[in-house]
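Report on the structure
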Amino acid sequence: MSCAGHCTKVPRNSNMEKLQHGYLFPEIERHENMHLEKYPHANIIDLGIGDTTEPLPTMVTSSMVDFVRGLSTSKGYKGYGPEQGEQALRKAIADVYYKDLGIKPTEVFVSDGAQCDITRLQLLMGPNLKIAVQDPSFPAYIDSSVIIGQAGDFLDKVGKYKNIEYMKCGPQTNFFPELHKASRPELIFFCSPNNPTGHAATRKQLEQLVDFAKVNGSIIIYDSAYSAYITDDSPKSIFEIPGAREVAIEVSSFSKFAGFTGVRLGWTVVPEELLYSNGFPVVHDFNRIMCTCFNGASNIAQAGGLACLSPEGLRAVKSLINYYMENARILVNALASLGLTVYGGKNAPYVWVHFPGSKSWNVFAEILEKTHIITVPGSGFGPGGEEYIRVSAFGQRDSIIEASERLKYLLYQQKN
Amino acid sequence: MSITQSLSTPLSSSSSTFLAPSTFNPRSQVALPVKSLGVCKCIAASQEADTAYKTKVSRNGNIAKLQAGYLFPEIARRRNAHLLKYPDAKVISLGIGDTTEPIPDAITSAMSKRSQALSTIEGYSGYGAEQGEKALRSAIASTFYRDLGIEDDDIFVSDGAKCDISRLQIVFGSNIKMAVQDPSYPAYVDSSVIMGQTGFYQKDVEKFANIEYMRCNPENGFFPDLSSISRPDIIFFCSPNNPTGAAATREQLTQLVKFAKDNGSIIIHDSAYAMYISGDNPRSIFEIPGAKEVALEVSSFSKYAGFTGVRLGWTVIPKQLLFSDGFPVAKDFNRIVCTCFNGASNISQAGGLACLSPEGLKAMQDVIGFYKDNTNIIVETFDSLGFKVYGGKDAPYVWVHFPGRNSWDVFAEILEKTHVVTTPGSGFGPGGEGFVRVSAFGHRENILEACRRFKELYK
């Protein structure tokens, strides 16, 4: 870097320097744009970034329209809302997702989405601790850890940050970490159903995880953004596990079950029983962060969220979920029919495909070049993702079917 | 902070906890400022604390440095405590700067349209660009930065200035020193503490170590004496100012830009109230030559369009703003925006775009004019009572001097005797002691009634 003009004397944040490249999903987009420049008429099918595609149910948008119209009236105008979220929405979240699990509305903090909450939780926890992540995992956990200063230097040889515990999750161990091998991290990021592998942890696995956290004094940050996609009886919330209230925070989102990726709404649950080593309640400090570094989710989005959680709303979004899961089934069948080993797609809208002996960015590039389909290379989620490709099941049915055909054709060609 | 909060759960002694240190004593009751119930919720930690399970995760020492809750939830708590004491009182809130007037139809109709469109195949959109929708970025650039050399992609749309301030702190990291005006909007100092840039709070001077507090008072025309401050990395500068209402002149901002240039500092210019300026003081730091190499600007739709609940703002980072090694600040901010954020709500952005149409701009100017008329009424009232009054000309805040008096005492006296909520000046820093901020957001009849009560109290 040089200074032809004026350089300030403000040093660049050394944590930012530790980041290896751009955030994963904008990088995927860059590749898409380059591909479009090369093939301007290509009919690109995007099964990369997990972006919802189906319109919102009308009863949800009508609620938002009503609320918006109210903002133009004296009676319906609302200014600042509580930073923790509208009371009615906090209560609805507690009632719908945590009934009988002892979670109170006051422990629910509404946000503008899980990605934002993850950073706020890192801001809360501070730089002087060590995180553990599943490997592979949603990149925001590692990236936010680097940014906040927890992660240490990147070790090129192993493709890992020095101070992060990477807990490999592969088919050999039923996509659950071998906890006895893990050192004692302060924070454990755990996503179930998992992005990118699609695995939903079993009750037994989560009991092990809670036990591990309890024995080691760790805090679990449990990402349940895809819990609405669970089709079997895997737990939907960490708080279904006895003792979890003392060791876990749960983060979730309206993005993937309600199509709110652009509307922006999510929540985080911090139980009152969760205490720092000096006995101070974590929820107190999280509240302080929410009041100081945030100013509440958009009240319009919150009105929409409340509508989603009504009985009618829940029915309506369920049909969206079913739609995407049918997409997943189509993709799984198509890929499996070619003899590929395919994971996920049963409890999550992601299909995790194994290409043994491959470099995932090469597979990604080849699929893109030859079929104009965007996927996500597994190594973008960590070294444990190498040899895998994540295929997202969000898309319009005919695109999914078209994509399946193209993939079948490509892989059939390659085999013969 | 909304007036419709339920107060059905009893409060425990909340009024004194603002001044209480936040060090945790397991044997005492802990007040949780959980605002949704409009009350402080207490965990009776006395007996159970010793046997309760504790994780081995240390509390973040930076957050432990904070002295009390964030200022505005504290004001809200006091207000709610007062309402419990006087359930029939007609409390008027001129404390938190919360807009009160309905959003003009020209703007809400665009948001209705966008909401409805999300139910259709053609109109549905998922993730938007984290930096904001192109049309909105473009509209912001052409509305506020025309001819100032700011390009569309220098604009980053957000869910509001307060959130952007923390994201900027994350960009800059813990190893930098900031300077703030004193008094100043509390989020600058608080976010700096949380980020680990500061030392401990020094009770005797009411300041955090390692922050440069630049006194702004009537004697120096509310512009700091830059010759007296040591070199900070970052300078937070808010103009028109919250809480003093002072709008810096072209000469003053030129001085500030020169100071930043000479010292290699970066100015974070908070221009959230720029549209309230009456005369021709600069509305953007980028009106000053050379500013693009030393400054970035944060702004918001909150106080222009009544978007305090809708949530929309923006930050401008010129390409010429570089770290000491030549790396563009905008690149790191972009990385933060992509990793720690996921874009402002698409519905809010549709509203923002409508705000910047000719019709929307006119509608915003009308509402701003309304609040400015409120401000005049308040200024005249305190003037007529013989008070020294500042601000109110270029901002919706009136900064009233109560010489020799403790501002929390004045706040309490006004609240107790007139049922009007204001904000004590010391909440904005030691430089605010002896002042009270009166916000001019309110229905006209409430403003008039509040002024009537002030006249009664101070006649």
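Everything in this summary refers to the structure shown in the same document. It should be emphasised that the depicted structure is a prediction, and the values quoted were computed from it without experimental measurement.

Residues and elements named next belong to chain A. With burial as the criterion, each face of strand β2 (residues 108-111) is covered, one bearing Val108 and Val110 and the other bearing Phe109 and Ser111. Sheet topology places β2 next to strand β10 (residues 266-269); four bridges connect them, and they run antiparallel. For Val110, the partnering residue across the bridge sits in β10 and is Trp267.

Turning next to the side chain of B:Arg114. Assignment of secondary structure puts B:Arg114 in helix α3 (residues 105-117). Classification of B:Arg114 by relative accessible area gives buried; the value is 17%.

Before going further, it helps to examine the packing of helix α5 (residues 161-172) of chain B against helix α9 (residues 329-339) of chain B. All names here are of chain B. Two numbers describe how α5 lies on α9: the axes approach to 9 Å, and their chain directions differ by 115 degrees. Remark: the crossing between α5 and α9 carries right-handed chirality. Note on element contacts: α9 touches α5 through Val329, Asp332, Phe333 and Ile336, opposite Asp164, Arg167, Leu168, Ile170, Val171 and Phe172. Each residue belonging to the contact of α5 with α9 can be placed in one class, and the counts come to seven nonpolar, no polar and three charged.

Residues and elements named next belong to chain A. Of all 10 residues in helix α6 (residues 139-148), 10 are buried, a share of seventy percent or more. Along α6, the positions that sit buried rather than exposed are Pro139, Ala140, Tyr141, Ile142, Asp143, Ser144, Ser145, Val146, Ile147 and Ile148. Directly beyond the C-terminal end of α6, a positive phi value near 100 degrees is found at Gly149.

We now examine the interface of chain A and chain B. Taken together, the contacts link 106 residues of chain A with 108 residues of chain B. Together chain A and chain B conceal approximately 9000 Å² of surface at their shared face, both sides included; 59% is due to carbon and sulfur atoms. Taken together, the links from chain A to chain B amount to five salt bridges. A salt bridge links B:Lys162 to A:Glu83, with the shortest nitrogen-to-oxygen separation between them at 3.9 Å. At the junction of chain A with chain B, the criterion picks out 49 residue pairs in polar contact (both at pLDDT 80 or more). Mapped by element, the contributors of at least two residues to the side of chain A that touches chain B are α1 (14-18), α3 (58-71), α4 (87-97), α5 (114-125), α6, α7 (203-216), α9 (282-293) and α10 (299-308) of chain A. Ranked by residue count, the leading element in the side of chain A that touches chain B is α9(A), at nine residues. Each residue belonging to the side of chain A that touches chain B can be placed in one class, and the counts come to 45 nonpolar, 39 polar and 22 charged.

The rules we used
- Residues numbered from 1 in each chain as written.
- Chains lettered and ligands numbered in written order.
- Predicted model: local features only at pLDDT ≥ 70, side-chain atom pairs only at ≥ 80, totals over all residues.
- Heavy atoms only, no water.
- Buried < 20%, exposed > 50% of the residue type's maximum accessible area, 1.4 Å probe, protein only.
- Helix = DSSP H or I, 4+ residues; strand = E, 2+ residues; numbered from the N terminus.
- Pairing = 2+ DSSP bridges.
- Axes fitted to C-alpha atoms, helices over the stretch in contact; angles between N-to-C directions.
- Left-handed = near helix turned anticlockwise from the far one by under 90°.
- Contact = heavy atoms within 4.5 Å.
- Nonpolar A, V, L, I, M, F, W, Y, C, P; charged D, E, K, R; others polar.
- Buried area = accessible area lost by both parts, 1.4 Å probe.
- Salt bridge = Lys/Arg side-chain N within 4 Å of Asp/Glu carboxyl O.
- Polar contact = N/O pair within 3.5 Å; in protein donor to acceptor, adjacent residues only side chain to side chain.

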